[in-house]
Amino acid sequence: MLYEQINDKTVTDVIAGYRSIREKIYREILWSKERIAEISDEKTRQDIIESVSMPGEDFGTQKDVSEVLCVCRNILHREVTDLLGRISELTEREETCRRIMACYQALPSDEHIVLKKLYETPGVYKEKMAKTAKELYCSESSVKRKRRDAIDHILELYRLEVSNQDIFRWDLKAGKLREYR
């Protein structure tokens, strides 16, 4: 299972903006697919052939039809390859976000609540920190410690070589999967 490398900022950005990140990824994938369909369109091919066959720097020379078709095929191939590569990158990014969210959901409830209050609610971080401490009847240093523990646990769970479903069975204290009957 290969996921991209992540850090604290990646984790907090995904928790804070998961829906908008996913929507942006889907829009970019859709645009890329539409662009591939356009490239495959006969009119687009004709436009590229016309543009390639126009005289350029070598004004006086006549371009061979096979040369024009070869250049056109290379242009189309390169653009489709670039778009497919972009779709692959976006898909990997989406999988990374899903993995982070699975890890986030699998946290012990006290850690999950702290991250939820700090990152899923709108407002200034410092004010949310004070509000969270007040709501949980603890000090800000305790909230900061819980936040740090939660992010460390997410990073630990993220790096495990288990499925997203098995993340929910992982026992952080024992360092192994729980057995259910």
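Conventions adopted
Residues numbered from 1 in each chain as written. Predicted model: local features only at pLDDT ≥ 70, side-chain atom pairs only at ≥ 80, totals over all residues. Heavy atoms only, no water. Buried < 20%, exposed > 50% of the residue type's maximum accessible area, 1.4 Å probe, protein only. Helix = DSSP H or I, 4+ residues; strand = E, 2+ residues; numbered from the N terminus. Arc of directions from axis to C-beta. Contact = heavy atoms within 4.5 Å. 1 Å grid on protein atoms, 1.4 Å probe; cavity = no way out; pocket = protein on both sides within 12 Å on 5 of 7 lines; lining within 4 Å. Points joined across faces, edges and corners; volume = space filled by probe spheres on them. Nonpolar A, V, L, I, M, F, W, Y, C, P; charged D, E, K, R; others polar. Core = buried A, V, L, I, M, F, W, Y, C linked by side-chain atoms within 4.5 Å. Phe/Tyr/Trp six-rings, centres within 6.5 Å; stacked < 30°, edge-to-face > 60°. Axes fitted to C-alpha atoms, helices over the stretch in contact; angles between N-to-C directions. Left-handed = near helix turned anticlockwise from the far one by under 90°. Parallel < 35°, antiparallel > 145°, perpendicular 65-115°, else oblique.

A. Fine view of helix H4 (residues 109–120). Among the residues making up H4, those that are buried are Glu111, His112, Val114, Leu115, Leu118 and Tyr119. Along H4, the residues classed as buried sweep out an arc of 160 degrees about the axis, all on the same side. Structurally, H4 contributes buried residues whose contacts are with helix H1 (8–40), helix H3 (65–105), helix H5 (125–135) and helix H6 (140–159).

B. Just the layout of surface pockets, in detail. Here the largest pocket defines a volume of roughly 190 Å³. Surrounding the largest pocket, Ile39, Ser40, Glu42, Arg45, Ile49, Leu69, Cys72, Arg73, Leu76, His77 and Val80 form its lining. Contributing elements (two or more residues each) for the lining of the largest pocket: H1, helix H2 (42–53) and H3. Of all the elements, H3 adds the most residues to the lining of the largest pocket, at six residues. Among the residues forming the lining of the largest pocket, the class breakdown is six nonpolar, two polar and three charged.

C. Local environment of the nonpolar core. Within the largest apolar cluster, 34 residues are counted, with the highest numbers of intra-cluster contacts made by Val11, Val14, Ile15, Tyr104, Leu115, Ile154 and Leu157. Elements with a minimum of two residues in this core: H1, H3, H4, H5 and H6. Leave out the neighbours within four places in its chain, and Tyr104 touches Ile15, His112, Leu115, Lys116, Glu120 and Ile154. Listed in part, the seven residues of the second largest apolar core include Ile36, Ile39, Leu76 and Leu83.

D. Focus on unusual backbone geometry. Look at Tyr137: it is not a glycine, yet its phi comes out positive at around 55 degrees. Among the secondary structure elements, Tyr137 is positioned in the loop between H5 and H6. Classification of Tyr137 as exposed rests on a relative accessible area of 79%.

E. The packing of aromatic side chains, seen in detail. Applying the stated criterion across every chain, the model contains one aromatic pair. Judged by centre distance (6.0 Å) and plane angle (35 degrees), the rings of Tyr119 and Tyr125 are tilted. Looking at Tyr125, the relative accessible area reads 35%, which means it is partly exposed.

F. Quick peek at the packing of H4 against H5. Packing of H4 against H5 brings their axes to within 9 Å, and their N-to-C directions diverge by 145 degrees. Note that H4 runs across H5; the crossing there is right-handed. Residues Lys117, Leu118 and Tyr119 of H4 touch H5, and the partners they reach there are Tyr125, Lys128, Met129, Thr132 and Glu135. For the contact of H4 with H5, the per-class residue count stands at four nonpolar, one polar and three charged.

G. Seen up close, the packing of H3 against H6. Running from N to C, H3 and H6 point in directions that differ by 125 degrees, and their axes come no closer than 9 Å. Taken together, H3 and H6 sit at an angle that is classed as oblique. For H3 against H6, the interelement crossing comes out right-handed. Across the interface between the two elements, Thr96, Arg99, Ile100, Cys103 and Tyr104 from H3 touch Ile154, Leu157 and Tyr158 from H6.

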